Amino acid sequence: MKAEQFQVVQEETTNQYILHVIGELDLSVVPQLRAALEPVMNRTEKALVLNLKQLKYIDSTGIGIIVSVLKLRDELKAPFFVSDIPPAIKRLFDLTGISRYLIEGTEAQA
Amino acid sequence: MNAIRLQIPAHADYIDLVRICLYGIASKMSYAYEDIEDMKVAVSEACNNAVIHGTPDPNEGVIDISFEPEDHALTIKVNNSGSEALATDVLDKAAPLPDADVSGLRVGGLGIYLMQALMDEVEVNALENGTEVVLKKYLNVASEH
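Residues numbered from 1 in each chain as written. Chains lettered and ligands numbered in written order. Predicted model: local features only at pLDDT ≥ 70, side-chain atom pairs only at ≥ 80, totals over all residues.

Caption draft 1: Broad picture of the overall build of chain B. Each helix and strand in chain B was counted, giving 4 helices and 5 strands. Starting at the N terminus and ending at the C terminus, chain B contains elements arranged as β-α-α-β-β-α-α-β-β. Here the contacts in chain B between residues at least 6 apart in sequence split such that 67% fall between residues at least 24 apart. (Helix = DSSP H or I, 4+ residues; strand = E, 2+ residues; numbered from the N terminus. Contact = placed C-beta atoms within 7 Å.)

Here it is, written out as structure tokens:
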């Protein structure tokens with residue numbers, strides 16, 4: 001098991017802000033993820049996409065942040081997608097019931 | 001009883017070490033990859049609670065984790081020395097997200113639910129000055145979920 005440094009890499013396309021969430025998302029990196037979300041989560045002119053392709057670990061703290069983003073984007077009536085969910089992460093999304101609220105988008109869509 | 005004990009400062013930065021330790025022990029016991037992943041999340045949730053509800057002074061609090069392998073199960077005990085004990089009825093109240101409008105969703109409270117969903121047995125015991133969470137996962141038993 002190789003510990004991979006948690007990081008969020010932002011990418012901007014003509015109609016999307018894409019945040020690539022990489023590594024282990026646990027309580028210790030909550031401030032880092034919030035800081036990465038801060039500048040883009042209120043922007044309604046583009047869709048917000050969380051790309052989870054390289055996410056290795058998530059627990060209730062990370063899922064809680066996604067719930068808070070869902071609520072905010074819903075309130076703003078602004079599009080929010082989650083893409084490339086790894087199977088192990090998807091299982092936790094299904095267990096907690098967040099799956100039914102998530103719209104899976106590919107980067108070509110929206 | 002061959003308990004393996006780990007003590008970490010009650011701070012989020014050390015929870016990954018608990019997962020690494022758990023990984024080593026569970027691998028040696030031949031748990032399946034998916035079961036190890038389940039236990040990693042459950043034990044992290046217990047530590048999250050200990051960090052969030054533990055002692056207000058992060059320089060003083062510690063979390064004691066005890067891994068207790070048996071022939072067909074692994075029991076993990078997570079003790080925090082915090083002043084605020086988790087209510088023992090949290091287990092009964094734990095639930096997944098409701099089928100509601102997005103605006104009605106609550107942000108927290110999934111940790112205990114996940115522990116229950118991922119482990120075979122979960123106990124929360126109030127201690128004199130803290131909380132003990134006991135997690136158990138059976139080895140080589142058909143999964144119930």
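Caption draft 2: Broad picture of the nonpolar core. Residue and element names in this part refer to chain B. Core analysis: the biggest nonpolar cluster contains 66 residues, and Ala 42, Val 43, Ala 46, Cys 47, Val 78, Met 115 and Leu 135 have the highest contact counts within it. The greatest single-element share of this core, amounting to 9 residues, is contributed by helix H2 (residues 33–53). When sequence neighbours within four positions are dropped, the list of residues in contact with Ala 46 reads Val 78, Met 115, Val 133 and Leu 135. (Core = buried A, V, L, I, M, F, W, Y, C linked by C-beta atoms within 7 Å. Buried ≥ 20, exposed ≤ 12 C-beta atoms within 10 Å, placed from the backbone.)

Caption draft 3: Quick peek at the interface of chain A and chain B. The partner chain B presents 23 residues to the 24 residues of chain A that form the contact. Listed by contribution, the elements that provide at least two residues to the side of chain A that touches chain B are helix H2 (60–76) and helix H3 (87–96) of chain A. If you tally residues by element for the side of chain A that touches chain B, the top one is H2(A), at 10 residues. Tallied by class, residues from the side of chain A that touches chain B come to 11 nonpolar, 7 polar and 6 charged. (Nonpolar A, V, L, I, M, F, W, Y, C, P; charged D, E, K, R; others polar.)

Caption draft 4: Main features of the pairing of strand E5 (residues 130–138) of chain B. Residue and element names in this part refer to chain B. In this sheet, E5 lies alongside strand E3 (residues 73–80) in antiparallel orientation, the contact comprising 8 bridges. In the sheet register, Ala 73 faces E5, and the bridge partner there is Tyr 138. Relative to E5, strand E4 (residues 121–127) runs antiparallel, the two sharing 7 bridges. Note on E5: the bridge partner recorded for Val 124 is Val 133. Here E4 folds back onto E5, and the loop between the two strands holds 2 residues. (Pairing = 2+ DSSP bridges.)

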